[in-house]
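Given next are the chains, with one letter for each unit.
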Amino acid sequence: MAKHKGKPNNQNRQPQKDAAHKFRLPEAAKSKHARERQRQEASSVQIAKVRETPKIPWPAPRQPTETRENYRFLNPYNFVRYLPEPAIPPGDVDAQLLGRCAPPPHDRYIGLTGRIVCTLEAVTPLFISDSHGVNVTTVLLPDGREVQHKSYRFFQYEGRDAIPATSLRGMIRSLFEAVTNSPFSVFNGDERLEYRIDPAEARRFSPGIVERLPDGDQPGVILLCEEAKIGAYYKDRKLDVLKGNWKCGEKAYAIIGKTKNNIAKVNALARRPEDLPADGESRIYRGWVKVTGQTIETKRNESFFYFKHGDRTKAQRVYFDVEREADFNAVLHAQLHERKEDFHSQVQSERLEPNNLVYVELEPEDAGRVRNIALARVARLRYRNAIGNLLPDHLKPGEDYEHLDIASRVFGWVKATPTEDYKVRIAYAGRVRFSHAVLTEDGDKGVYDGEMPLAILGSPKPTTTLFYLRKRKGEWSEEERKQPGAATTIGYDGPNILRGRKFYRHHGKALNRLEYERAGRRQDHQNRTVRGVRAPGNVFEFTIDFHNLAPVELGALLWTLNLSDNEQCFFRLGYAKPLGFGSVRLSVVQVELLDPGTRYRSLQTSGWRTATFSERSRWLERFAMAMRRCYGKPLYELPNIVDLIKLLRGPEKGQPQHIHYPRTNLQPDPEGKNFEWFVANKAKSTKVDQAGPNLTLEMPDEEKGLVLLEKDRQA
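Model, not experiment: these values are computed from the prediction.

1. Some details on the overall build of the protein
Working step 1: Of regular secondary structure, the protein possesses 15 helices and 33 strands.
Working step 2: Against the 2.2 N^0.38 benchmark of 27 Å for 715 residues, the protein shows a C-alpha radius of gyration of 34 Å, more extended than a compact globule.
Working step 3: In terms of overall dimensions, the protein has C-alpha extents of about 125 × 85 × 70 Å along its principal axes.
Working step 4: Counting across all 715 residues of the protein, residues that qualify as buried make up 46%.
Working step 5: Taking contacts inside the protein between residues at least 6 apart in sequence as the whole, the part at least 24 apart equals 76%.
Working step 6: On the protein, roughly 37700 Å² of surface is accessible, and the fraction owed to carbon and sulfur atoms is 49%.
Working step 7: Distance between charge centroids for the protein: 5 Å, based on 114 positive and 93 negative side chains.

2. Description of helix H13 (residues 613-631)
Working step 1: When the terminal C-alpha atoms of H13 are compared, their 27 Å separation across 19 residues agrees well with the 27 Å that a helix rising 1.5 Å per residue should span.
Working step 2: Here H13 has its buried residues at Glu615, Trp619, Phe623, Ala624, Ala626, Met627, Cys630 and Tyr631.
Working step 3: Tucked into the core, H13 has its buried residues touching helix H3 (93-97), strand E3 (112-122), helix H4 (165-180), helix H10 (551-561), strand E32 (583-594) and strand E33 (608-610).
Working step 4: Downstream of H13 by a residue or two, Gly632 has a phi angle that is positive, lying close to 80°.

3. Details of the side chain of Thr113
Working step 1: Following the sequence through the fold, Thr113 ends up in strand E3.
Working step 2: Accessibility expressed as a relative area gives 8% for Thr113, which makes it buried.
Working step 3: A distance of 3.2 Å separates a polar side-chain atom of Thr113 from the backbone nitrogen of Asn548.
Working step 4: In this structure Thr113 touches Phe546, His547, Asn548, Glu592, Leu593 and Leu594, once residues within four positions along its chain are discounted.

4. Overview of the sheet that holds strand E4 (residues 135-140)
Working step 1: Taken together, the 4 strands give an open sheet; going across it, the order is E4-E5-E29-E25, and neighbouring strands pair in mixed fashion. This sheet does not close on itself; its edge strands, each paired only once, are E4 and strand E25 (452-453).
Working step 2: Where strand E5 (residues 146-152) and strand E29 (residues 528-530) come together, 3 bridges link them in parallel fashion. Looking at E29, one finds that Lys150 is bridged to Arg528.

5. Quick word on the pairing of strand E9 (residues 205-212)
Working step 1: With 5 bridges joining them, E9 and strand E17 (residues 357-363) adopt antiparallel strand pairing. Each bridged residue has a counterpart across the sheet, and for Ile209 the counterpart in E17 is Leu357.
Working step 2: Relative to strand E10 (residues 220-224), E9 runs antiparallel, the two sharing 4 bridges. Across the sheet, residue Arg212 finds its bridge partner in E10, namely Val221.

6. Thoughts on the nonpolar core
The tendency in soluble globular proteins is for nonpolar side chains to be buried side by side.
Working step 1: Counting residues in hydrophobic clusters, the biggest one holds 86 residues, and the most contacted among them are Ile116, Ile172 and Phe542.
Working step 2: Ranked by residues supplied to this core, first place goes to H4 with 8 residues.
Working step 3: What Phe542 contacts, discounting residues up to four positions off in sequence, is Ile116, Val117, Cys118, Leu120, Leu168, Ile172, Phe434, Ser435, His436, Ala437 and Leu586.
Working step 4: Grouped together as the second largest cluster of nonpolar side chains are 47 residues, Leu390, Leu391, Ile497 and Leu706 included.

7. Points about the pattern of salt bridges
When charged atoms on two side chains of opposite charge get close, those side chains can pair.
Working step 1: Applying the stated criterion to the full structure yields 50 salt bridges.
Working step 2: Arg237 is the salt-bridge partner of Asp240, the closest N and O atoms lying 2.8 Å from each other.
Working step 3: Asp240 sits in the buried class, given a relative accessible area of 6%.
Working step 4: Residue classification places Arg237 among the exposed positions, given a relative accessible area of 54%.
Working step 5: One salt bridge in this structure joins Glu365 and Arg369, with 3.6 Å as the shortest N-O distance.
Working step 6: A single salt-bridge network, built from bridges that share partners, covers Arg192, Asp321, Arg324, Asp327 and Arg382.

8. Observations concerning the packing of aromatic side chains
Aromatic ring pairs: the centre-centre distance and the angle between the two ring planes describe each pair.
Working step 1: Per the counting criterion, the structure on display carries 29 aromatic pairs.
Working step 2: Measuring from ring centre to ring centre gives 5.8 Å for Tyr77 and Phe79, while their planes differ by 85°; the resulting arrangement is edge-to-face. This pair shows no difference in class: Tyr77 is buried, exactly as Phe79 is.
Working step 3: The interplanar angle of 70° and the centroid separation of 5.7 Å between the aromatic rings of Phe184 and Phe187 together place this pair among those described as edge-to-face.
Working step 4: By relative accessible area, which is 11% here, Phe184 ends up buried.
Working step 5: Cluster of aromatic residues (ring-pair linked, three or more members): Tyr77, Phe79, Tyr468, Tyr504 and Tyr661.
Working step 6: Over the ring of Trp608 we find Arg115, and its NZ or CZ is 5.6 Å from the ring centre.

9. Points about the confidence of the model for the protein
Working step 1: Taken over all residues, the pLDDT of the protein has a mean of 90, while the share at 70 or more is 92%.
Working step 2: Confidence drops under pLDDT 50 across residues 1-26; counting only partners more than four residues distant or on other chains, this segment forms 1 contact.

10. Regarding the packing of H10 against H13
Working step 1: At a minimum axis distance of 7 Å, the contact between H10 and H13 shows a crossing angle of 95°. The angle between the axes of H10 and H13 places the two elements in the roughly perpendicular class. Residues Pro551, Val552, Leu554, Gly555, Ala556, Leu558 and Trp559 of H10 lie in contact with H13, whose contacting residues are Arg616, Trp619, Leu620, Arg622, Phe623 and Ala626.
Working step 2: Looking at side-chain class alone, the contact of H10 with H13 contains 10 nonpolar, 1 polar and 2 charged residues.

11. Side note on the packing of H4 against helix H14 (residues 639-649)
Working step 1: Remark: H4 packs on H14, axes separated minimally by 8 Å, with the N-to-C direction vectors making an angle of 140°. With respect to each other, H4 and H14 are oriented oblique. Here Leu175, Ala178 and Val179 of H4 come into contact with H14, specifically with Asn640, Ile641, Leu644 and Leu648.
Working step 2: Its residues placed into classes, the contact of H4 with H14 shows 6 nonpolar, 1 polar and no charged.

12. Comments concerning the environment of His506
Working step 1: Along the polypeptide, His506 turns up in the loop between strand E28 (501-504) and helix H9 (513-516).
Working step 2: The exposure class assigned to His506 is buried, which follows from its relative accessible area of 5%.
Working step 3: Separated by 360 residues in the primary sequence, His506 and Glu146 have C-alpha atoms spaced 37 Å apart.
Working step 4: Beyond its immediate chain neighbours, meaning those up to four positions away, His506 contacts Val123, Thr124, Phe570, Arg572, Ser583, Leu647, Leu648, Arg649, Gly650, Pro651 and Ile659.

13. What about the side chain of Arg501?
Working step 1: Its place among the elements puts Arg501 in strand E28.
Working step 2: Glu177 provides the closest opposite charge to the buried, unpaired Arg501, separated from it by 4.2 Å.
Working step 3: Within the structure, Arg501 has its side chain in polar contact with the backbone oxygen of Ser182 (distance 2.4 Å).
Working step 4: Apart from the residues lying within four places of it in its own chain, the contact partners of Arg501 are Asn78, Phe79, Val80, Tyr82, Glu177, Ala178, Asn181, Ser182, Pro183, Phe184 and Leu395.

14. Brief notes about helix H15 (residues 675-682)
Working step 1: When H15 is considered as a whole, its buried residues turn out to be Glu676, Trp677, Ala680 and Asn681. On an axial view of H15, the arc spanned by its buried residues comes to 135°, and they lie on one face.

Definitions and limits used
Residues numbered from 1 in each chain as written. Predicted model: local features only at pLDDT ≥ 70, side-chain atom pairs only at ≥ 80, totals over all residues. Heavy atoms only, no water. Helix = DSSP H or I, 4+ residues; strand = E, 2+ residues; numbered from the N terminus. Rg over C-alpha atoms; globule rule 2.2 N^0.38 Å. Buried < 20%, exposed > 50% of the residue type's maximum accessible area, 1.4 Å probe, protein only. Contact = heavy atoms within 4.5 Å. Areas by Shrake-Rupley, 256 points an atom, 1.4 Å probe, with all protein chains shown as cover. Lys, Arg positive; Asp, Glu negative; His and termini not counted. Charge placed at Lys NZ, Arg CZ, Asp CG, Glu CD. Expected span 1.5 Å × (residues − 1). Polar contact = N/O pair within 3.5 Å; in protein donor to acceptor, adjacent residues only side chain to side chain. Pairing = 2+ DSSP bridges. Core = buried A, V, L, I, M, F, W, Y, C linked by side-chain atoms within 4.5 Å. Salt bridge = Lys/Arg side-chain N within 4 Å of Asp/Glu carboxyl O. Phe/Tyr/Trp six-rings, centres within 6.5 Å; stacked < 30°, edge-to-face > 60°. Lys NZ or Arg CZ within 6 Å of the ring centre and 35° of its normal. pLDDT = per-residue confidence, 0-100. Axes fitted to C-alpha atoms, helices over the stretch in contact; angles between N-to-C directions. Parallel < 35°, antiparallel > 145°, perpendicular 65-115°, else oblique. Nonpolar A, V, L, I, M, F, W, Y, C, P; charged D, E, K, R; others polar. Arc of directions from axis to C-beta.

Listed below in structure tokens is the structure:
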């Protein structure tokens, strides 16, 4: 039985052996295939060498030739003005589409559908950061701290340099919104910013101690105190009265005298009254030390809070509500957590609590009610108005699906305010879809050779109200700009509006390595290093698929995309735009249209065709005429278009050829202390001639340039 079973098995294996033998290559054939494989590999290596990305040296920096007095520069950003609410003529379909209306459905063809093919050429260094391939090095700072410095590569898609679709979409949408006067899609209207009062305003604040926090209908209570200075940080240590390790809020006893200027000053301080010098004449006051630390080099004193009559029951009581408590806590939280690297004050607690020593500003019309509570006399406070209060309603993001603006209908929309009603529509998918931009030409440039440690790039500073705001009607007078009380004159609590939409200007011939390279090529946690930066001449290609666009909507999109070809403007893309990187020339190569009826009626016809020149012209004309009917002027005379073209064309003849953030010296500061310029600029005084210049940002079509300012005063 076993033998019988084995025979069929051998028979079954034989055909497999024959089949394997049948497909076995002769030795000569093996040798031939090996040689062919070696030839192909050698050819691939040769092709790789031919296609290797060329590398060019970085340009040399250009030093300024002007004297300090004659030096002028342009700020890297300015603002594009927005327009009033459109006046839409009744029955005007195209004009209605420039306002708010319901979007079309996605489940049927009722508009223009097709594809736009675009090329994008770098005209200044171009860098798109990749989240992969990040090199991290540890750097030891002069003060002994260890920090991390990061180096980034260019974005890659399938192993090749590319530009992600999200970057293209964001760039084009922001321009589209500015062109069509659409609402601000990226806008935190509920945010309330902070500001620091000018020292000249500090006299409005009085010292006090928190007795009780608000509870239900009961307001919080603060007892007003007297204040005496305690010598603490004098070069001559004999003048220091505060000695030893004192904590803010600690109980103390003091003998108080007067300075030559009749200011109360502590002559002796101790934790117990018996430790004070006993002369039998000097009165001993019981109180608390207000210690914050030597937060600035020029600080010499701390404070002693006490009751004038030594009796708590005789102190003036002032009242505050939960809003004032919340404002104090919000500012303190930001200092302790968000700005902890710059905040070095000693605090009693991480939020307002009973027995906290504070400074209070009282309401002018009600001396018993607290307007502001602050940690220090030169207070940091919150504006009463949120950012959104200064923006017209027609420019605020839409909240209703049935009333979406043109940008939201074309690019997409998500309801900003959460809702628990599941029947309410909270999103709409856009009708344009972007591809990644793939590299098609290196030109004769390729990439810059070596890494570039970039200059420090700060975060936006909307609290710089002289740059971000403008007066609702007219212009600020010199007195309004220079006198104390900026919050209610040139701040968010004043009669002001947002200046416009922020755009980084094209640098053009003003592009200078002196400005984009970190001085001394320093590398630390404040800046980034980039590698593989694409040089001018690199060309990328991408497509925009559109669906169900109305002619006026497609016209608006094409008008925006044609800014380079028609208006010699340069789009701004990628990283380090304030330093001059990321200027690109965008061109529409072709517009293709899909005829769904033709496509679905035939198996032989695709339904695709190229849009004619006359069709494209008609779409552009319909958009331009609709804008004119909505806003009463030709498109090129509208303020938003005037400003946009000025910024994207770059400095003109007669304008400064230096572009950088405001600073105090001709040369960039390795530490990036641009704040010193702003401190000198915004200084206030009751005597206008003693205030800083309080320079504002000029309109894009009127810019003559800014001047360098001394650290302590104007140049």
